[in-house]
Amino acid sequence: MILRVNLSSGSVVKEELTENLRYEYIGGRGLASKILWDEVKNVDPLSPENKLVFALGPFNGLRTPSGGKMVIAAKSPLTNGYGDGNIGTMASVQLKKAGYTALVVEGSSQKPVYLCIEDDRISILDAKELWGLDTFETERRLKEVHGKGSGVLCIGPAGENKVKYAVVMSQRGRAGGRPGMGAVMGSKKLKAVVIKGTKEVPVADKSAFDEYTRAVYKEISSQPGYSFWMRQGTMAAVEWAHKNFALPTRNFSEGRFERFRTVDGYSMEAMKVGRRGCPYCNVQCGNIVLDKEGKESELDYENVGMLGPNTGLANLNRVAVLNRLADELGLDTISLGSALSFAMEAKKLGILKDAPSFGEYEEMIALTNEIAHRSSKLGDLLAEGVKIASKELSVEDIAVHVKGLEVSAYNCFRYPAMALAYGTSAIGAHHKEAWVIAWELGSSPMDEGNASSSYEMNYNLDKAAKVIEQQRIRGGMFEFLTACRLPWVELGVDLEWYPKILSAIVGENYTLDDIFKVSDRVYSLIRSFWIRELGTWEKVMDYPPKKWFKEAINGFHLEESKYEELLQEYYRLRGWNSEGVPTKETLKHLGLDFVAEELSL
Ligand code: SF4
């Protein structure tokens, strides 16, 4: 069932999910991208005409391994293209138990409201008292009213002020929707969604489901890397990235941070007071530390890499304060780290006088608040994201983004495959869809000794195939189900379990290949959405940041002509033309005839 709530009219509509939609798009990102293709055309992302989709997959609401995620999607105010993000939250469990596979929020309210979903009862409630509060306090108050077990999704001041990289937050530190999904929520004056569900989620073959899920939970906890992963989670990557010249340092100008030990996984372990994670996950990889203000802060590789080394901050306690502040304000920590470091480099170049210098902690705290509240000229400019800010200041070469979305924490001046993964990700520069850097390097953060490898930079064309392979799995399957990819990525859990569990839930036989076909369909659909919404398309949109071509770090940088060859191979394998536009034949083959027609191909 799809639940539609229109905040302009107050109308509530419940629609059956058609068999066709379920089969052709599975759920999560697949479902959200189809809804956006059909219903969001040539609109301003911050207007009432944009739609905010909270989409679930078959794994939600059931005790499935790491199956507590949810996809939040809309046309992005940061990129003007397709935007989404996943978030691990009890809200996914509760929404499924309330009987819905997706919630589509349409229109916009005149005054602040929050949405309360209690099974079939849907209420739009006054949020005057909540508007202006941070995300932690908002959730605390809502749980006081609606009960501790309710699922809460909310925005902070950044979302209210339509900061272009505002996120949706849940459970004191879970964030989702990097390309401004929080800003879309703010534009609708929707402060929060509270969900409580009591229905049973059907499973077609209960005994097979129980057998498979039991086996996967066991497989996860018996992997050799399990105890190290439970100790450090993604923080193990700090040392690994540093050793391999991939740690973003001072606005991606270096690949190693001389004081990396002050922010690595072992420093984090010394501060760690607990673990947190997503529902139904037996990994719980969120590292909770107490920051120097005595507040809890949830650290991972991405927020530490971007708010630490990339801003020149060599003190994990201070990184923790900054991270906690970003979570309270509802800012994406990756884009925030990029915006701060961009401003710092612009200051170094003499372009921005009133920005902090690298490593200036108090100034960073102040600027973060100014960004979230748009309360200073610089804060207001940086709230637009580094693409727009760099255009305004005529320093586009130092802005580290793809399609307007800031690059996450891997410096790829010597990693062509990972650069291609960033270049071709469906939402702009994000590692979530193809984290091929470990494959490219031949070593992983989980390796014993965390060693650097004997990697030699090359542009072998099999790198394009590898990016697509991972996009099919990570950007496709896991985003459809919607489940967390990390037990497979970090602990090596067998991929074949996932179609088996899916088949047991829905009662149809799925293979990995069946799911990958859906992945290919969705990637071409999303690419077509970008083309339609931007009204134009050039292959340069799939290029990584200019810095990686121009700035030689340790004598290395990407070569444009060789990257172009890799990109052309990627297009060929996808069935897209030499500018990156899906061909008519490809769209027809994928069952997307209606897309070819609309794009007049
Ligand atoms: S591995 Fe970490 S991110 Fe993934 S579901 Fe578990 S707690 Fe959440």
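Rules behind the numbers
- Residues numbered from 1 in each chain as written.
- Predicted model: local features only at pLDDT ≥ 70, side-chain atom pairs only at ≥ 80, totals over all residues.
- Heavy atoms only, no water.
- Helix = DSSP H or I, 4+ residues; strand = E, 2+ residues; numbered from the N terminus.
- Rg over C-alpha atoms; globule rule 2.2 N^0.38 Å.
- Buried < 20%, exposed > 50% of the residue type's maximum accessible area, 1.4 Å probe, protein only.
- Contact = heavy atoms within 4.5 Å.
- Areas by Shrake-Rupley, 256 points an atom, 1.4 Å probe, with all protein chains shown as cover.
- Expected span 1.5 Å × (residues − 1).
- Arc of directions from axis to C-beta.
- Polar contact = N/O pair within 3.5 Å; in protein donor to acceptor, adjacent residues only side chain to side chain.
- Pairing = 2+ DSSP bridges.
- Axes fitted to C-alpha atoms, helices over the stretch in contact; angles between N-to-C directions.
- Near = heavy atom within 4 Å.
- Nonpolar A, V, L, I, M, F, W, Y, C, P; charged D, E, K, R; others polar.
- Core = buried A, V, L, I, M, F, W, Y, C linked by side-chain atoms within 4.5 Å.

Summarise the overall build of the protein; cite the residues concerned and give the values.
Counting secondary structure elements, the protein contains 26 helices and 17 strands. Rg of the C-alpha trace for the protein: 22 Å, near the compact-globule value of 25 Å for 601 residues, within the 12% margin. The C-alpha extent of the protein, read off along each of the three principal axes, is 60 × 55 × 50 Å. Buried residues in the protein amount to 66% of all 601 residues. Within the protein, residue pairs in contact and separated by at least 24 positions form 70% of the contacts whose partners lie at least 6 positions apart. Accessible area of the protein: about 20400 Å², with a carbon and sulfur share of 47%.

Report on helix 4 (residues 135-146), specifying residues and quantitative values.
The terminal C-alpha atoms of helix 4 lie 16 Å apart, and with twelve residues this matches the ideal 16 Å at 1.5 Å per residue to within 8%. For helix 4, the set of buried residues is Thr135, Phe136, Thr138, Glu139, Leu142 and His146. Viewed along the axis of helix 4, the buried residues span an arc of 160 degrees, placing them on a single side of the element. Every exposed residue of helix 4 that faces more than 90 degrees away from the buried side is listed here: Glu144 and Val145. Contact partners of the buried residues in helix 4: strand 7 (113-118), strand 8 (121-126), strand 9 (151-154), strand 10 (168-170), strand 12 (190-196) and helix 12 (316-329). The opening residue of helix 4, the one whose side-chain oxygen lies 2.8 Å from the backbone nitrogen of Phe136, is Asp134. Downstream of helix 4 by a residue or two, Gly147 has a phi angle that is positive, lying close to 105 degrees.

I'd love a proper account of the sheet that holds strand 13 (residues 272-276), names of residues and values included.
The strand order across the open sheet built from three strands is 13-14-15, with neighbouring strands paired in antiparallel fashion. Either end of the sheet is taken by a strand with one partner, and the two such strands are strand 13 and strand 15 (296-299). The mean inter-strand angle of the sheet, taken between neighbouring strand axes irrespective of direction, is 35 degrees. Sheet analysis places strand 14 (residues 286-290) next to strand 15, joined by four bridges and oriented antiparallel. If you follow Ile288 over to strand 15, its bridge partner there is Glu298. Taken strand by strand, helix 12 contacts strand 14 and strand 15, and its axis lies near 100 degrees from that of strand 15.

Describe the environment of Glu384, listing the residues and the values that go with them.
Turning to its location among the elements, Glu384 is positioned in the loop between helix 15 (377-382) and helix 16 (386-392). Once the C-alpha coordinates of Glu384 and Met268 are considered, the two residues, 116 residues apart in sequence, prove to be 32 Å apart. Other than its neighbours up to four places away in sequence, Glu384 contacts Leu78, Lys164 and Arg374.

How would you summarise the site of the ligand if you had to cite specific residues and measurements?
Taken together, the neighbourhood of the ligand is formed by Ser66, Lys69, Arg174, Gly277, Cys278, Cys281, Val283, Gln284, Cys285, Cys484 and Leu486. Its residues placed into classes, the shell around the ligand shows six nonpolar, three polar and two charged.

Summarise the side chain of Thr213; cite the residues concerned and give the values.
Structurally, Thr213 is set in helix 7 (residues 206-221). From its side chain, Thr213 meets the backbone oxygen of Phe209 in a polar contact 2.8 Å long. Here the side chain of Thr213 touches Asp210 through a polar contact of 3.4 Å, landing on its backbone oxygen. Discounting chain neighbours no more than four positions away, the residues touching Thr213 are Arg63, Thr64, Pro65 and Ile501.

Describe the nonpolar core, with residues and values.
Nonpolar side chains tend to gather and get buried jointly when the protein is soluble and globular. Leu331, Ile371 and Leu382 are the most contacted members of the largest nonpolar core, which has 174 residues in total. Counting residues in hydrophobic clusters, the runner-up holds 29 residues, among them Leu56, Ile72, Ile87 and Ile155.

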